[in-house]
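Each chain, written out:
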Amino acid sequence: MTAKVDLAVVGGGISGLAAAWEGVRQGAEVVVLEAGDAPGGKLRTSPVPGAGVELDEGADAFLARVPEAVELCDELGLGGDLVSPATGTAYVWSDGALRRLPAEQLLGVPTDIDAVAASGILSPAGVERARADLSSPDDRPSGTGQGDESIGTLVRRRLGDEVLDRLVAPLIGGIWAGDCDRLSLRVAAANLAAARDRDTSLIRGAAAVRAEAADDGTGDNPVFLAPRGGMGRLVAALTDRLGERLRCGAPVTALEPDGAGWRLVSGGRNGPAAAAVSADRVVLATPAYVTAPLLTTVAPDAAAFLGGIDYASVVLTVLVVPRHGIDHPLDGSGFLVPQSAGRLLTACSWMTSKWAHLGVDPSTAILRASAGRAGDDRALRMSDGELVAALVDDLRDTVGLKAEPTGVRVTRWHRSFPQPRPGHLDALAAAHAAVAVRAPGVAVTGAWALGVGIPACIRAARTAVAAGASAHG
């Protein structure tokens, strides 16, 4: 028997859950088909051995100055229980020391050259190369308002290699686990694209973008927020609202035309036989490499675009250590490590300093160490024991870790970070148009579309629901 619904959503990560919730809010009869045993995708909160607390295994905060995630939390009754990091201070590992990241920056682009010079992050030659941006002629590509280029191309051109390597790449690369020389400026660093378009000087443009953010009424508000208790609460709230509409263990193996609608065949991993769902509209909210095969016969051009999107893999390792076993003061949210440092460690969050509400015994410190980035899969090839040993070595050199961990949790995220290339948004628009023509009523979304941040995923999911409704109606 084939079930019939108004809207079928494939994928139970934050994109799929947000799309389904949007459909429910609009009064649609909805079903969500999730291949895994539990919803949430990369949003997952779980206990940390030896710590007595639960921590996120993926994203642990979202941007507060864009509305989508805050609005969704309000809709779900979580708005009054959002918390912000206790500190906005962070460090960068540079020239053999942790150096405080200046507050006067936009995604690593300094807006106060004297402040970045005082930080010691750049060499004197690197400072002067960056300063030259203030007087260099306009070299922006023609059609700047719509043009795209890599982040690395822009930053190297205006500010030099050191600013990219020691400031911009650690920050943006930490968000995307990517190579800034290959990441789309307009997708992975939209604020820098705005800064580029604002002024011939990238420094002055970045300062103007920062000033606008401070003047828009949110200047005194936190930059990041999270539900108290972790992102798992957001997933749980969506899951509770969706109820029996959510089906786990139901991987979709085929998308087929069905009259004016669509038929989805599920492999029925939790049952002996395949099942089918008939829907007027469909939102495919799965990773690009999962969505592409489903579109091969119905929208081959879009399938080719999605199938060509690269992904990076990361491993996040939580270490519980005695506080007296760390030499460096944990007076910030953590630190970043440039790729040029040659270390396995790419970043480390000082979770007990970052999130004061955890209430962990002050004698205990919890560190979350990141490893893996585009082009560097060393961490994926290591056993847990090898990985922890290598990270402890890096932490010994960077923060003076001299105690063995008393608790460890390793989370491996294979093919988890999409890598949008220059021209991504134009290719995305073409793919959306191809799907609309070849498969009316079907829409595609996910972190690969508009960005890996939670608000971006929610925004893209809402857009997908609206697009499917428009095409069908």
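First things first, this report covers the structure right here in the doc. A quick note: this is a predicted structure, and the numbers were derived from the prediction, not measured.

1. Quick look at the packing of helix H11 (residues 288-295) against helix H12 (residues 300-307)
Between H11 and H12, the least distance of the axes is 8 Å, while the angle of their chain directions is 160°. In terms of their interaxial angle, H11 and H12 are classed as roughly antiparallel. Pair H11 / H12 crosses with left-handed handedness. Two secondary-structure elements touch here, H11 through Ala-288, Thr-291, Ala-292 and Leu-295 and H12 through Pro-300, Ala-302, Ala-303, Leu-306 and Gly-307.

2. Section: the pattern of salt bridges
Note on pairing: side chains with opposite charge can pair once their charged atoms come close. A full pass over the atoms with the stated rule returns 36 salt bridges. Glu-71 is the partner of Arg-462 in a salt bridge, and the nearest nitrogen-oxygen pair spans 3.1 Å. Of the two residues, Arg-462 sits in helix H18 (residues 454-472) while Glu-71 sits in helix H2 (residues 67-75), which places them 391 residues apart along the sequence. Residue Arg-462 is classed as buried on the basis of its relative accessible area of 19%.

3. Things to note about the sheet that holds strand E11 (residues 224-227)
Two pairing modes exist for strands in a sheet, parallel and antiparallel, and in both the strands are linked by backbone hydrogen bonds. Strand order in the open sheet made by the three strands is E5-E11-E6, with antiparallel pairing throughout. The open sheet has two edge strands with one neighbour each: strand E5 (62-63) and strand E6 (82-83). Strand direction decides the pairing type here: E6 and E11, joined by two bridges, are antiparallel. Residue pairing in the sheet places Val-83 in a bridge with Ala-226 of E11.

4. A few points about the environment of Leu-345
Assignment of secondary structure puts Leu-345 in strand E18 (residues 345-350). By relative accessible area, which is 0% here, Leu-345 ends up buried. Put simply, Leu-345 and Ser-370 are 25 residues apart on the chain and 5.9 Å apart in space, counted from C-alpha to C-alpha.

5. Some words on the nonpolar core
If you look at the biggest cluster of nonpolar residues, it comprises 51 residues, and the most contacted ones within it are Val-283 and Ile-366. Per-element accounting of this core gives the leading share, seven residues, to helix H1 (residues 14-25). Residues within four places of Val-283 in sequence aside, it is in contact with Leu-7, Ala-8, Val-9, Val-10, Ala-19, Ala-443, Thr-445, Ala-464 and Val-465. By size, the runner-up hydrophobic cluster in this structure holds 35 residues, among which are Val-10, Ala-299, Ala-303 and Ala-449.

6. Here's the deal with the pairing of E18
Most of E18 is tucked away, with six of its six residues classed as buried. Across three bridges, strand E17 (residues 334-336) lies against E18 in antiparallel orientation. Bridge pairing links Leu-336 to Ala-347 in E18. With five bridges connecting them, E18 and strand E19 (residues 364-371) associate as antiparallel partners. In the sheet register, Leu-345 faces E19, and the bridge partner there is Ala-371.

The rules we used
- Residues numbered from 1 in each chain as written.
- Predicted model: local features only at pLDDT ≥ 70, side-chain atom pairs only at ≥ 80, totals over all residues.
- Heavy atoms only, no water.
- Axes fitted to C-alpha atoms, helices over the stretch in contact; angles between N-to-C directions.
- Helix = DSSP H or I, 4+ residues; strand = E, 2+ residues; numbered from the N terminus.
- Parallel < 35°, antiparallel > 145°, perpendicular 65-115°, else oblique.
- Left-handed = near helix turned anticlockwise from the far one by under 90°.
- Contact = heavy atoms within 4.5 Å.
- Salt bridge = Lys/Arg side-chain N within 4 Å of Asp/Glu carboxyl O.
- Buried < 20%, exposed > 50% of the residue type's maximum accessible area, 1.4 Å probe, protein only.
- Pairing = 2+ DSSP bridges.
- Core = buried A, V, L, I, M, F, W, Y, C linked by side-chain atoms within 4.5 Å.

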